[in-house]
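# Coordinate analysis (summary)
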Amino acid sequence: NKINEDDEIKEIQSKYDSIVPSNVKCFDDLPLSYKTKKALKECNYKTPTDIQRESIGYALQGRDVLGAAVTGSGKTLAFLVPVLEKLYTQKWSRMDGTGAIIISPTRELAYQIFETLRKVGAKHDFSAGLIIGGKNLKFERGRMDQCNIMICTPGRLLQHMDENPLFNATSMQILVLDEADRCLDMGFEQTMNAIIENLPPERQTLLFSATQTKSVKDLARLSLDNPVYVAPHEQQ
Ligand code: ADP
Ligand code: MG
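Residues numbered from 1 in each chain as written. Chains lettered and ligands numbered in written order. Predicted model: local features only at pLDDT ≥ 70, side-chain atom pairs only at ≥ 80, totals over all residues.

In the annotation of an unreviewed UniProt entry, the chain is listed under the name ATP-dependent RNA helicase and assigned to Hermetia illucens.

Here is the structure:
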């Protein structure tokens, strides 16, 4: 039973503005594409965690999000679901190049995000790549233009931006800064600033951090446009 994608996209987009986070009890309560919902089910993800419930709606609405949540709170899906939905509703195809860039502080964390994306993105037809260093630079370089969703470490991403003529993010739609506080602690502040300055300003940005330090606030100011602050575990 083939779903008409245009109708589906119109229908889910028409529901974005009426999302009320406190009413979201399960992923099915969110207006998500059939492909994302099906993969979430197959992975046995039924109930969103607090950070997912609080942030996904705003992200779907196109808002920039500043998310504060500790390790283990489920931040990966809080950004991967909106990334998939953004590209799907834009009818992004393999030919359209880089649509999303996800920055993670370490290779191991980047790899974990990649593995989760392979599962929750399994029904979609996007290409994904790891740009994390420690691998053959030439191999990475030649495939960059074919990668819809890039999961990167900061240093390696900036290296491609500076040196690789095939790197082209001029039409990218969404940037994710995961574990921003750790990126900054590891000395990537200048690198992150340079990356952000190289990306198109009309993009959407989701920034997640366990702590809200002065340097995270500086990065947020530089990278986010009128963000919603989402901190489900904070004492009000
Ligand atoms: P964080 O990035 O905040 O440290 P992760 O995204 O790595 O957290 O998720 C931590 C664990 O919780 C993972 O094992 C993940 O599979 C699981 N998880 C995430 N979201 C859900 C959910 N909605 N339902 C059940 N398990 C989840
Ligand atoms: Mg994480």
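### Describing the overall build of the chain
Tallying secondary structure elements over the chain gives 10 helices and 7 strands in all. Whereas a compact globule of 236 residues would reach a radius of gyration of roughly 18 Å, the chain reaches 17 Å, a difference of no more than 12%. Seen through its principal axes, the chain has C-alpha atoms that stretch 45 × 45 × 30 Å. Across the 236 residues of the chain, 41% fall into the buried class. Pairs at least 24 residues apart make up 73% of the contacts formed inside the chain by residues separated by at least 6 positions. (Helix = DSSP H or I, 4+ residues; strand = E, 2+ residues; numbered from the N terminus. Rg over C-alpha atoms; globule rule 2.2 N^0.38 Å. Buried ≥ 20, exposed ≤ 12 C-beta atoms within 10 Å, placed from the backbone. Contact = placed C-beta atoms within 7 Å.)

### Some words on the UniProt feature "short sequence motif: Q motif" (unreviewed entry) in the chain
The sites that carry the UniProt feature "short sequence motif: Q motif" (unreviewed entry) are, in the present numbering, residues 25-53. In this annotation, residues 25-53 is assigned 45% helix and 0% strand; the end-to-end C-alpha distance for the span is 8 Å. (UniProt positions renumbered as here; feature names shortened; annotations may be inferred.)

### Focus on unusual backbone geometry
Positive phi, normally seen in glycine, also occurs at Lys91, with a value near 55°. Positionally, Lys91 belongs in the loop between α4 (75-89) and β2 (100-103). Unusually for a residue other than glycine, Asn226 sits at a positive phi of about 45°. By the secondary structure assignment, Asn226 is in the loop between α10 (214-223) and β7 (228-230).

### Considering the sheet that holds strand β4 (residues 149-152)
A sheet is described by the order of its strands in space; here 7 strands give the open sequence β3-β4-β2-β5-β6-β1-β7, paired in parallel fashion. Both edges of this open sheet fall to β3 (128-131) and β7, since each of them pairs with a single strand only. Within this sheet the neighbouring strands show an average axis-to-axis angle of 15°, counted without direction. When strand β1 (residues 65-68) meets strand β6 (residues 204-209), the two strands line up parallel, connected through 4 bridges. Paired with Val65 across the two strands is Leu206, which belongs to β6. Strand contacts of α4: β1, β2, β4, β5 (174-177) and β6, with the helix running at about 170° to β6, the strand carrying the most contacts. Helix-sheet contacts for helix α7 (residues 154-163) involve β2, β3 and β4, and the interaxial angle to β3 is about 100°. (Pairing = 2+ DSSP bridges. Axes fitted to C-alpha atoms, helices over the stretch in contact; angles between N-to-C directions.)

### Observations regarding the site of ligand 1
Ligand 1 sits among 13 residues. The nearest are Thr71, Ser73, Gly74, Lys75 and Thr76. Top element by residues in the shell around ligand 1 is α4. It accounts for 3 residues. (Near = placed C-beta within 6 Å.)

### Focus on α4
Compared with the 21 Å implied by 1.5 Å per residue over 15 residues, the 22 Å span of α4 between its first and last C-alpha is a close match. With respect to burial, α4 is a largely interior element, 13 of its 15 residues being buried. (Expected span 1.5 Å × (residues − 1).)

### Overview of the nonpolar core
Residues Val83, Ile101, Ile102, Ile151, Cys152 and Val176 are the most contacted members of the largest nonpolar core, which totals 62 residues. The greatest single-element share of this core, amounting to 9 residues, is contributed by α4. Sequence-distant contacts of Ile101, defined by excluding residues within four places in its chain, comprise Met150, Cys152, Ala169, Met172 and Leu175. (Core = buried A, V, L, I, M, F, W, Y, C linked by C-beta atoms within 7 Å.)

### Structural notes on helix α2 (residues 34-42)
Within α2 the residues assigned to the buried category are Lys35, Thr36, Ala39 and Leu40. What you see down the axis of α2 is that its buried residues fit within an arc of 130°, all on one side. Along α2, the residues that are exposed and aim more than 90 degrees away from the buried face are Lys41 and Glu42. (Arc of directions from axis to C-beta.)

### Considering the packing of α7 against helix α9 (residues 189-197)
Their axes nearest at 9 Å, the elements α7 and α9 cross at an angle of 45°. Considering their axes alone, α7 and α9 lie oblique with respect to each other. Taken as a pair, α7 and α9 cross one another with a handedness that is left-handed. On the side of α7, the interface is formed by Pro154, Gly155, Leu157, Leu158 and Met161, while α9 contributes Thr191, Met192, Ala194 and Ile195. Its residues placed into classes, the contact of α7 with α9 shows 7 nonpolar, 2 polar and no charged. (Parallel < 35°, antiparallel > 145°, perpendicular 65-115°, else oblique. Left-handed = near helix turned anticlockwise from the far one by under 90°. Nonpolar A, V, L, I, M, F, W, Y, C, P; charged D, E, K, R; others polar.)

### Quick notes on the pairing of β5
Side chains Ile174 and Val176 of β5 all project onto a buried face; the interleaved residues Leu175 and Leu177 project onto the opposite face, where all are buried too. Sheet analysis places β2 next to β5, joined by 4 bridges and oriented parallel. Within β5, the position partnered with Ile101 by the bridge is Leu175. Of the strand pairs in this sheet, β5 and β6 are connected by 4 bridges, and their pairing is parallel. Within β6, the position partnered with Leu177 by the bridge is Leu207.

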